[in-house]
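# Commentary on secondary and tertiary structure
What follows is the residue order along each chain.
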Amino acid sequence: MSEDLERIKEARRAWEEGPLAKALKRFPYMDKDSCRFYTPLDIEPFDFLEKVGFPGTYPFTAGTFPIEPMAGLTRLASLAGGKGEIPGAGGQTRAAIYSGYGTPEDTRDYYKGLIEQGSRGGPNLAFDLPTQCGYDSDHPLAEGEVGKVGVCVDTLADFETIYEPYRGDLDLDRIASNFTINAPANVIIAMYAALAEKRGIPLEKLRATPQNDILKEYIARGTYIFPPRHALRLFRDSLVFITRHMPNVNITSIGGYHIREAGATREQDLAFSMAIAIEYLRVGVEAGLQVDEFAPRFTFNAFGGSMEMLKEIAFQRAARRMYARILKERFGARDERSMRIRQALGAHIGPSSTTLQRPLNNLTRAVIGAVASALSGGRPLPFPPYDEPLGLGWSVEALQLAQDAGRIIACEARLLEYADPFAGSYCMEALTDEIESSAWKELEKIEGMGGAVAAIENGYMQREIARSAYERQRAVERGERLVVGVNCFTGEHELEVTTNRLVPNPYDPERRERAEERQKARLAEIKSSRDSREVARLLRELKALAEREEENLLPHLVECVKAYVTEGEICDVLREVFGEYQAASPF
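### Things to note about the overall build of the protein
When helices and strands are counted, the protein shows 22 helices and five strands. Relative to a compact globule of 587 residues, whose C-alpha radius of gyration would be 25 Å, the protein shows 25 Å and is just as compact. Principal axes of the C-alpha set define a box for the protein whose edges measure 85 × 55 × 50 Å. In the protein, which comprises 587 residues, the share counted as buried stands at 52%. Intrachain contacts of the protein at a sequence separation of at least 6 include 77% that bridge at least 24 residues. In the structure as shown, the protein presents an accessible area of about 26500 Å², 51% of it carried by carbon and sulfur atoms. Of the charged side chains in the protein, 73 are positive and 88 negative, and the gap between their average positions amounts to 2 Å.

Right, here's the structure in full:
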C-alpha cells in the first residue's frame, strides 16, 4: 500500500472512532450502513482504462455508444420551434409504444389513431395470453382471456389486419416492429416474413425485435410451452434464419427486467441474465456460426429495476462490463458490436416499484429511475407511467406526464450532456465492482451446474427467485423496506391526490369485452374458407421435420402461415413431438 493510502487508512480509522462514533451514539437508530462513505481504499487498485474506458469502447462501462443521440433533443426541439414530433430525432427507426388489445381490428384502429397523431413508429405488439401460450382463440383454455392483456393473433390474416395502416412511407421496410412473445416466437417471425413476401418487400429490409427470450419464461413470466432443450432448438432455428435472411432483425431481447420483477435480487438479475445470454450464444456457435456473425443482433429488453438510484446506476455499468468480458474472453468476439449491450430502456424502477396507493407518487418514482438511466448511459425514459397499477392500457394523461418528464430531464436538466459523470467516483466504482463481483460468483455457480438450462431443469433459479421474492415481501411487511403511502406515512391527514381524465382511455373497454366472441367468429370464417387439404399436408410435413433435430423449421413455418395454418395448430403439432414442460415446485 502506498504512503498516501496508508495516511488515508489512518485518517479513516480516526474518523470512524471519533466523529462517526459520536454521531451514531447520538442517533442510535442509525448505523454505519446508513451513511456509507467511500475512499480510494475501496477501489484499490483502480486502472481507468481497464475498469472504465471511454464511452462506446471496451469494456463499455462508461456507455454503450460514444454519444446518446437524445442528448441533442434540446437543439432539435429549438429547430422544430417546440412543436410536436421532431423528424429524424436520434436518427433511429424504432417501434411505437408497447400496446395491443382486443381483436386485430381493435389494435389496428388504435395504431391508426397513433399515426393520425403523428406517430412514425411501427407496431410494438403486446399479445394476449392464449397467443403467448400457443393456443387459438377458440381453444377451451383460452376462454375468458382472448384479447384481455394484449391482442389476439391466430393466423396471418390477423397480422394483415394489424398492419393495414402501415403502407406507403410507413410500409414494412420503413418502420420497425416489436413482438413481445417467446414460446411461439418463431410463428410470429414467420408471419412477419410472410407478410413482407406478400407485399413484395425483401426480408433483408425488415427491422424488428422479437423478444424470443424463452429461458427467462421458465424462471420469471411463465409463458413457456415446450421443455427447455426443445425450446432452445426453436431458438436455434430463429437465430440461424434471421442471421441468414433478415440481417436487420434482432434475434432476441433478453429480459433481465422480467427476472427482477419476479423477485430476483440485483445480483441474481445480472447473473441469471448473463447465464441465459451465454446459453443463447452457445446455441449460435454450435449451429456453426461465428459469434461475430450473430451476436451484434442480440439485444436486452432492459435490466432493473428498483428505487435505489446509485445502485441501479452501478448495475448498468457492471452489466455492460460483464457482458463485454464474456463476449471477448469466453467467445472470442473481435467485433466490438458483439460486445455491446443494446437496450432501448436503461435504468428504471420497474412496475413492481409502483403502488396502487397514492398512484401519482409513481411519477416521482419513475423520474428517479429516468435520472438513473441518464446518469448511467441510457435515455431518460420515466417508466412505467404512473397509472401502471390501475389497470391495462396506460392513460393518455399518464403517458403525457412521463414523456414530459423525460423531456425536462433532457432539455432543462441537460443530464445527457455528460457521459458517465460518476466515472472515477470512489462510491460508484466500488458499487460497480461489488455488484459485478457478486454476479460473477453466482454465474460461476450456475456454470458449474452445466449452465442455464441445467439450472432451470434442476429448479435452482426458480427456487432462488422465489426465495428472494418472499424475503422482499416480508421486509415490506416488517417495515424494514419502506414504501411511502403503503407501510409508512399513511396517517389520516395524508392526501390521495388524483388527476382529471381529459380524454378517454385508448383501450375501449366495450371492445375488449366483446373481443372473444368476435375473434372466434373471425377464426371460424378463416378455417372454413382456407384449403383444408393443404393445411393437413403442411402440418404432417411439420411433424416430420420437427422429429429431425437438424432441420430448421422456420422456412416451413413461413409456408404454413401463408396457408393460414393457425398458431395453435402449429404449436399442437410441436407439443406432440416435443412434449410440454411441467414446472416443478420451487420448494
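Resuming the write-up.
### Thoughts on the domain arrangement of the protein
As far as domains go, the protein holds domain 1 (3-37) and domain 2 (42-94 + 212-356 + 419-489). Of note, the centres of domain 1 and domain 2, computed from C-alpha atoms alone, are 35 Å apart.

### Points about the pairing of strand 2 (residues 176-180)
Walk down a regular strand and you will see the side chains alternate between the two sheet faces. Judged by how many residues are buried, strand 2 sits mostly within the fold: four of five residues are covered. Pairing geometry for strand 1 (residues 124-126) and strand 2, over three bridges, is parallel. Bridge pairing in strand 2 links alanine 126 to threonine 180. As paired elements, strand 2 and strand 3 (residues 207-210) share four bridges and run parallel to each other. Bridge assignment links serine 177 to a residue of strand 3, and that residue is alanine 208. Note that the unit made of strand 2, helix 7 (residues 185-198) and strand 3 has a crossover that is right-handed.

### A word on the side chain of glutamate 429
Here glutamate 429 is to be found in helix 16 (residues 426-449). Using a relative accessible area of 1% as the deciding quantity, one classes glutamate 429 as buried. If sequence neighbours within four positions are ignored, glutamate 429 has contacts with Ile43, Phe46, Val52, Arg317, Phe422, Ala423 and Gly424.

### Here we look at helix 21 (residues 554-562)
Taken together, the buried positions of helix 21 are Leu554, His556, Leu557, Val558, Cys560 and Val561. Considering only its buried residues, helix 21 is in contact with helix 6 (156-162), helix 7, helix 9 (228-245), helix 20 (532-546) and helix 22 (567-578). Tyrosine 564 sits one or two residues past helix 21 and shows a positive phi near 65°.

### With respect to the packing of helix 4 (residues 104-116) against helix 19 (residues 509-529)
Closest axis-to-axis distance for the helix 4/helix 19 pair is 9 Å, and the angle between their directions is 125°. Between helix 4 and helix 19, the angle falls in the class oblique. Of the residues in helix 19, those in contact with Pro104, Glu105, Asp106 and Asp109 of helix 4 are Arg511, Arg518, Gln519 and Arg522. Per-class residue counts for the contact of helix 4 with helix 19 are one nonpolar, one polar and six charged.

### As for unusual backbone geometry
Outside of glycine, negative phi angles account for most residues, and trans bonds account for most peptide bonds. Omega for the peptide link from glutamate 44 to proline 45 comes to -5°, which places this bond in the cis form. Inspection of the secondary structure puts proline 45 in the loop between helix 1 (3-26) and helix 2 (48-51). The residue arginine 358 is not glycine, and still its phi comes out positive at about 45°. The exposure class of arginine 358 is buried, given its relative accessible area of 12%. The phi torsion at aspartate 420 lies on the positive side, around 45°, for a residue other than glycine. Take aspartate 420: it is sitting in the loop between helix 15 (396-412) and helix 16.

### Concerning the environment of aspartate 31
Mapped onto the elements, aspartate 31 comes out in the loop between helix 1 and helix 2. On the basis of relative accessibility, which here comes to 42%, the residue aspartate 31 falls in the partly exposed class. Residues aspartate 31 and glutamate 44 lie 13 residues apart in sequence; the distance between their C-alpha atoms is 25 Å.

### Details of the confidence of the model for the protein
When the pLDDT values of the protein are averaged, the result is 93; 96% of them are 70 or greater. Note on residues 86-91: pLDDT under 50 across the span, and seven contacts to partners over four residues away in sequence or across chains.

### Focus: the nonpolar core
Ranked by internal contacts, the top residues of the largest apolar core, which has 137 residues, are Phe159, Tyr163, Phe179, Leu215, Leu270, Met274 and Phe298. Excluding anything up to four places from it in sequence, leucine 215 contacts Pro228, Leu232, Ile276, Glu279, Tyr280, Ala452, Val453 and Ile456.

### Digging into the pattern of salt bridges
Side chains bearing opposite charge may pair, as long as their charged atoms lie close to each other. Applying the stated criterion across every chain, the model contains 56 salt bridges. A salt bridge links lysine 198 to glutamate 160; the nearest nitrogen and oxygen atoms lie 2.7 Å apart. In this pair, lysine 198 sits in helix 7 while glutamate 160 sits in helix 6, placing the two residues 38 residues apart along the sequence. Here lysine 198 falls in the partly exposed class, since its relative accessible area comes to 49%. Residue glutamate 160 is classed as partly exposed on the basis of its relative accessible area of 23%.

### Description of the side chain of arginine 321
In this fold, arginine 321 is placed in helix 13 (residues 309-330). Here lysine 51 takes part through its backbone oxygen, which lies 2.8 Å from a polar atom of the side chain of arginine 321. Beyond its immediate sequence surroundings of up to four residues, arginine 321 is in contact with Lys51, Pro59, Thr61, Thr432, Asp433 and Glu436.

### Regarding the sheet that holds strand 2
An order of 1-2-3 is seen for the three strands of this open sheet, with the pairing classed as parallel. At either margin of the open sheet sits one strand with a lone partner, and together these are strand 1 and strand 3. When strand polarity is set aside, the average angle formed by the axes of neighbouring strands in this sheet is 15°.

### Here we look at the packing of helix 9 against helix 11 (residues 266-286)
The geometry of helix 9 relative to helix 11 is characterised by a closest axis approach of 9 Å and an angle of 60° between their N-to-C directions. Relative to helix 11, the element helix 9 lies oblique. Relative to helix 11, the crossing made by helix 9 is right-handed. Taking contact as the criterion, the partners of Leu232, Phe235, Arg236 and Leu239 in helix 9 are, on helix 11, Glu279, Tyr280, Val283 and Gly284.

The rules we used
- Residues numbered from 1 in each chain as written.
- Predicted model: local features only at pLDDT ≥ 70, side-chain atom pairs only at ≥ 80, totals over all residues.
- Heavy atoms only, no water.
- Helix = DSSP H or I, 4+ residues; strand = E, 2+ residues; numbered from the N terminus.
- Rg over C-alpha atoms; globule rule 2.2 N^0.38 Å.
- Buried < 20%, exposed > 50% of the residue type's maximum accessible area, 1.4 Å probe, protein only.
- Contact = heavy atoms within 4.5 Å.
- Areas by Shrake-Rupley, 256 points an atom, 1.4 Å probe, with all protein chains shown as cover.
- Lys, Arg positive; Asp, Glu negative; His and termini not counted.
- Charge placed at Lys NZ, Arg CZ, Asp CG, Glu CD.
- Domains from an automatic or database assignment.
- Pairing = 2+ DSSP bridges.
- Right-handed = clockwise from strand over helix to strand, strands pointing away.
- Axes fitted to C-alpha atoms, helices over the stretch in contact; angles between N-to-C directions.
- Parallel < 35°, antiparallel > 145°, perpendicular 65-115°, else oblique.
- Nonpolar A, V, L, I, M, F, W, Y, C, P; charged D, E, K, R; others polar.
- pLDDT = per-residue confidence, 0-100.
- Core = buried A, V, L, I, M, F, W, Y, C linked by side-chain atoms within 4.5 Å.
- Salt bridge = Lys/Arg side-chain N within 4 Å of Asp/Glu carboxyl O.
- Polar contact = N/O pair within 3.5 Å; in protein donor to acceptor, adjacent residues only side chain to side chain.
- Left-handed = near helix turned anticlockwise from the far one by under 90°.

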